[in-house]
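# Descriptive analysis of the structure
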Amino acid sequence: MTRKNKGRQKVEMVKMPNESNLQVTFSKRRSGLFKKASELCTLCGAEVAIIVFSPGKKVFSFGHPCVESVVERFLTRNPPQISGTMQLIEAHRNASVRELNMQLTQVLNQLEVEKKRGEELNQMRKASQAQCWWEAPIEELNLPQLEQLKMSLEELKKSVGKQAEKILIQNSNPPPQFFPGSSSNGGINLPFDHHAKNNTGFNPNMMPHGYNNNPGFGRGFY
Amino acid sequence: MTRKKVKLAYIPNDSARKATFKKRKKGLMKKVSELSTLCGIEACAIIFSPYDAQPEIWPSPMGVQRVLSQFKKMPEMEQSKKMVNQDSFLRQRIAKANEQLKRQRKDNREKEITQVMFQGLTAGKVLQGLNMLDLNDLGWIVDQNLKEISKRIVMLSKGGGSSSSATTVQYSSSQEETTAPVSASQGEKCSGFEQMGMEAMQKQQWFVDLMNPQDNNMGGFGGEEVMFPFGDGGSTHSSLWSNPFYP
């Protein structure tokens with residue numbers, strides 16, 4: 001089986017022979033171990049301490065409520081002292097953890113959505129590549145194709161510039177007049193109308209830019 | 001494996017919680033053990049459940065004591081440097097996930113804009129549905145593509161051969177430019193790796209050039225760093241549009 005990684009494959013339980021693989025494995029598995037410990041604490045209300053020494057002799061530890069308290073509890077063999085203050089602290093801590101777990105869940109869900117979207121887009125590209133030669137990666141094109149594509153792109157570039165100019169001019173004008181008789185797409189494109197005409201399967205979450213257009217284009221996005 | 005996703009919150013149902021605890025505790029112990037074996041490192045785990053006054057531990061009481069004393073021997077700072085609790089650990093995870101999200105969104109955005117670009121080639125009307133942000137990004141990616149295409153055209157025009165051997169062509173011409181006295185003989189040797197009669201020194205020179213390709217003979221793109229579309233290498237001084245992805 002040719003795979004990039006050994007996931008879902010059996011791994012022999014002996015010390016890994018390859019030094020750098022060992023490092024990587026340590027890193028990944030330690031991270032996964034802490035994740036599992038964290039989940040155990042959240043789901044079942046357990047108190048946990050895990051101490052791990054790295055191949056490089058550094059020490060990593062995870063503890064809930066904290067490493068020291070769990071270790072103390074282990075060493076002194078005393079039942080945990082629950083004073084009134086302790087309970088309050090505990091309650092606060094748990095509330096905060098609850099919040100964080102919710103936040104994490106939210107972000108992970110969003111991530112999954114975006115990943116699916118990415119897959120979707122990949123599929124779409126693949127499908128259209130079968131139909132349109134110009135969508136193939138540049139390395140696969142021959143010279144005449146490249147020349148033709150170059151010309152088409154240069155044309156497109158001009159059109160994009162023109163359209164951008166058009167919008168800038170619109171926005172620097174006084175508030176749009178409603179010209180009776182103008183077709184829905186003909187003359188003036190009213191701001192905030194973009195979504196209505198937008199059928200390119202674009203990100204609908206994008207804020208429409210009306211008069212807030214900043215001609216300084218160099219912004220990051222999101 | 002789980003059939004459905006588990007919600008990351010305290011399990012209200014007592015029996016479900018107890019069952020989950022049993023399973024996950026077992027799994028956790030297994031994972032610690034595997035980590036220790038595979039990587040040849042020392043580790044220990046202490047788990048207190050609401051069901052038992054006695055903790056569950058790994059590897060053994062002696063083993064735990066050994067690791068604990070090893071741990072305590074370390075300076076305070078070393079102990080706490082990589083120490084986390086639920087709070088800090090979750091914050092780390094959230095930060096990481098946010099980074100991944102940002103990256104994924106950027107990638108998706110790039111793919112979408114590229115799609116619009118291809119649509120724009122055949123149906124110019126799509127441009128009218130775009131706002132300034134989109135047009136900006138579109139202009140940028142058209143530029144990026146044009147750059148790559150021009151580079152590619154130059155490469156192919158010079159070589160006149162197959163695309164994969166373009167690199168070979170590149171080196172022979174750079175050879176001619178750099179070292180004058182050696183170049184003549186090297187020019188001949190270039191075309192035939194099979195010539196085993198290469199002088200050791202010339203071989204070395206060839207190898208050095210192979211490792212450090214000089215692309216200052218590549219038309220108008222000399223001096224520009226290797227282009228990473230949407231990456232950190234995007235030089236924008238020659239393009240009309242500033243980089244929308246990395247301001």
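Structural data are supplied above this passage.
Structural notes, computed from the coordinates. (Residues numbered from 1 in each chain as written. Chains lettered and ligands numbered in written order. Predicted model: local features only at pLDDT ≥ 70, side-chain atom pairs only at ≥ 80, totals over all residues. Heavy atoms only, no water.)

## Let's talk about the overall build of chain A
- From N to C terminus, chain A includes five helices and two strands.
- When the helices and strands of chain A are read in sequence order from the N terminus, they spell out α-β-β-α-α-α-α.
- Each of the 222 residues in chain A was classed as buried or not, and the buried ones make up 32%.
- When the accessible surface of chain A is totalled, it reaches about 14,000 Å², and 56% of it is carbon and sulfur. (Helix = DSSP H or I, 4+ residues; strand = E, 2+ residues; numbered from the N terminus. Buried < 20%, exposed > 50% of the residue type's maximum accessible area, 1.4 Å probe, protein only. Areas by Shrake-Rupley, 256 points an atom, 1.4 Å probe, with all protein chains shown as cover.)

## A look at the overall build of chain B
- Each helix and strand in chain B was counted, giving eight helices and three strands.
- In chain B, the order of α-helices and β-strands from amino to carboxyl end is α-β-β-α-α-β-α-α-α-α-α.
- Taking contacts inside chain B between residues at least 6 apart in sequence as the whole, the part at least 24 apart equals 52%. (Contact = heavy atoms within 4.5 Å.)

## Section: the interface of chain B and chain A
- With 108 residues of chain B in contact, the opposing surface of chain A contributes 117 residues.
- Between chain B and chain A we count six salt bridges in total.
- For B:E34, the salt bridge is made with A:R29, and the minimal N-O distance between the two is 2.8 Å.
- For the side of chain B that touches chain A, the secondary structure elements donating two or more residues are α1 (14–39), β1 (43–48), α2 (61–73), α3 (76–81), β3 (83–85), α4 (86–122) and α5 (132–159) of chain B.
- A total of 28 residues in the side of chain B that touches chain A trace back to one element, the largest contributor, which is α4(B).
- Taken together, the residues of the side of chain B that touches chain A sort by class into 55 nonpolar, 28 polar and 25 charged.
- Direction of pairing for strand β2 (residues 59–64) of chain A relative to β3(B): parallel, over a ladder of three bridges. Residue pairing in the sheet places A:S61 in a bridge with B:M83 of β3(B). (Salt bridge = Lys/Arg side-chain N within 4 Å of Asp/Glu carboxyl O. Nonpolar A, V, L, I, M, F, W, Y, C, P; charged D, E, K, R; others polar. Pairing = 2+ DSSP bridges.)

## Focus: the environment of A:V107
- Assignment of secondary structure puts A:V107 in helix α3 (residues 84–131).
- Residue A:V107 is classed as buried on the basis of its relative accessible area of 5%.
- What A:V107 contacts, discounting residues up to four positions off in sequence, is B:A97, B:N98 and B:L101.

## Side note on the nonpolar core
- In terms of nonpolar packing, the biggest core is built from 30 residues, with A:V48 and A:I50 touching the most fellow members.
- Secondary-structure elements contributing two or more residues to this core are α1 (19–44), β1 (47–53) and β2 of chain A together with α1 and β1 of chain B.
- Of the residues forming this core, the biggest block, nine residues, is contributed by α1(A).
- Ignoring any residue separated from it by four or fewer positions in sequence, one finds A:V48 in contact with A:A37, A:L40, A:C41, A:F62, A:G63, A:H64, A:V70, B:I46 and B:I47.
- Counting residues in each nonpolar core, the second largest holds 27 residues, with A:L156, A:V160, A:I167 and B:I153 among its members. (Core = buried A, V, L, I, M, F, W, Y, C linked by side-chain atoms within 4.5 Å.)

## Description of unusual backbone geometry
Residues and elements named next belong to chain A.
- Each neighbour pair has its own omega, and for H64 with P65 the value is 0 degrees, a cis peptide bond.
- Relative to the elements of secondary structure, P65 occurs in the loop between β2 and α2 (67–76).
- For K57, which is not glycine, the phi torsion reads 70 degrees and is therefore positive.
- Judged by its relative accessible area of 66%, K57 falls in the exposed class.

## Some thoughts on the sheet that holds β1(A)
- In spatial order, the strands read β2(B)-β1(B)-β1(A)-β2(A)-β3(B); together these five strands make up an open sheet with mixed pairing. Looking at the sheet topology across the chains shown, the edges are occupied by β2 (56–58) and β3 of chain B. For this sheet, the mean inter-axis angle between neighbouring strands, taken without regard to orientation, is 5 degrees.
- Strand direction decides the pairing type here: β1(B) and β2(B), joined by three bridges, are antiparallel. Of the residues in β2(B), the one forming a bridge with B:I47 is B:E56.
- Sheet strands touched by α1(B): β1 of chain A together with β1 and β2 of chain B. Its angle to β2(B), the strand with the most contacts, is close to 15 degrees. (Axes fitted to C-alpha atoms, helices over the stretch in contact; angles between N-to-C directions.)

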